[in-house]
Amino acid sequence: MAKLIGMSGDFKGREYPIEQGEIAIGRKADNAIVLDHPTISSHHCRILHTGDTCVLQDLDSTNGTRVNSRDVKDTALRHKDLIQLGSIEFLFDAPELASSGARYTDADAEVATAAMTAPQDFASISPFGAPPRERRGTWHFVLAITGAVALLALAFFFFILFRTV
């Protein structure tokens with residue numbers, strides 16, 4: 001059976017079954033699922049569950065309805081979708097819908113047939129790359145000189161300060 005599982009706030013861990021037909025969700029008592037929270041509209045959204053499909057429709061809510069971080073007005077729900085109503089998150093759990101069609105049709109994956117290794121010139125995960133080895137000594141020298149100059153300036157400051165006392 002399809003259900004919404006609360007993932008945030010006071011609703012974390014609560015489960016709301018999604019039975020066949022229309023399930024209204026909102027803050028008012030006349031909704032099938034009542035969510036008493038200031039970011040939920042009186043009549044926030046509804047889920048139409050017919051056969052093996054569930055469709056989420058936003059009812060012009062003030063704080064919006066998002067599925068997988070995208071604003072939606074009307075969208076088909078799939079198993080493991082993350083639904084955000086106002087500032088409350090729910091997981092749509094409907095394993096019976098998981099086999100109804102491919103979910104990630106845009107993916108163009110390649111399967112590796114051999115062991116994967118990093119390229120020989122790979123030295124750093126940084127998008128700017130690791131500094132060349134010959135420059136590392138230069139940076140240590142610059143850091144040492146900067147430290148020595150700072151110590152000399154501090155010594156001079158104390159010399160002037162205590163000389164006048």
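Look above for the structure.
Considerations on the pattern of salt bridges
Inference 1: Using the criterion set out here, one finds six salt bridges in the structure.
Inference 2: Across the salt bridge formed by D58 and K73, the nearest N and O atoms sit 3.3 Å from each other. Of this pair, D58 sits in strand β6 (residues 53-58) while K73 sits in the loop between β8 (70-71) and β9 (74-76), and the two are 15 residues apart along the sequence.
Inference 3: Using a relative accessible area of 9% as the deciding quantity, one classes D58 as buried.
Inference 4: The partner of R66 in a salt bridge is D71, with the nearest N and O atoms 3.3 Å apart.
Inference 5: For D71, a relative accessible area of 63% gives the class exposed.
Inference 6: Here the salt bridges share partners, and the residues they tie into one network are K3, E15 and D93.

Some points on the environment of E15
Inference 1: Note that E15 resides in strand β2 (residues 15-18).
Inference 2: We classify E15 as partly exposed; its relative accessible area is 46%.
Inference 3: Note: C-alpha distance between E15 and L4 (eleven residues apart in sequence) is 5.6 Å.
Inference 4: When near neighbours in sequence (up to four residues on either side) are disregarded, E15 contacts K3, L4 and I5.
Inference 5: Of the polar contacts made by the side chain of E15, one reaches the side chain of K3; its length is 3.2 Å.

Focus on the packing of aromatic side chains
Inference 1: Within the structure shown, the criterion is met by four aromatic pairs.
Inference 2: On the numbers, 6.0 Å between centres and 75° between planes, the contact of Y16 with F90 is edge-to-face. Pair noted here: Y16 is in strand β2 and F90 is in strand β11 (residues 88-93), with a separation of 74 residues, a long-range link.
Inference 3: Between F157 and F158 the ring centres are 5.7 Å apart and the planes differ by 65°, which places this aromatic pair in the edge-to-face class.
Inference 4: The rings of F11, Y16 and F90 are connected pair by pair, giving a single aromatic cluster.

Definitions and limits used
- Residues numbered from 1 in each chain as written.
- Predicted model: local features only at pLDDT ≥ 70, side-chain atom pairs only at ≥ 80, totals over all residues.
- Heavy atoms only, no water.
- Salt bridge = Lys/Arg side-chain N within 4 Å of Asp/Glu carboxyl O.
- Helix = DSSP H or I, 4+ residues; strand = E, 2+ residues; numbered from the N terminus.
- Buried < 20%, exposed > 50% of the residue type's maximum accessible area, 1.4 Å probe, protein only.
- Contact = heavy atoms within 4.5 Å.
- Polar contact = N/O pair within 3.5 Å; in protein donor to acceptor, adjacent residues only side chain to side chain.
- Phe/Tyr/Trp six-rings, centres within 6.5 Å; stacked < 30°, edge-to-face > 60°.

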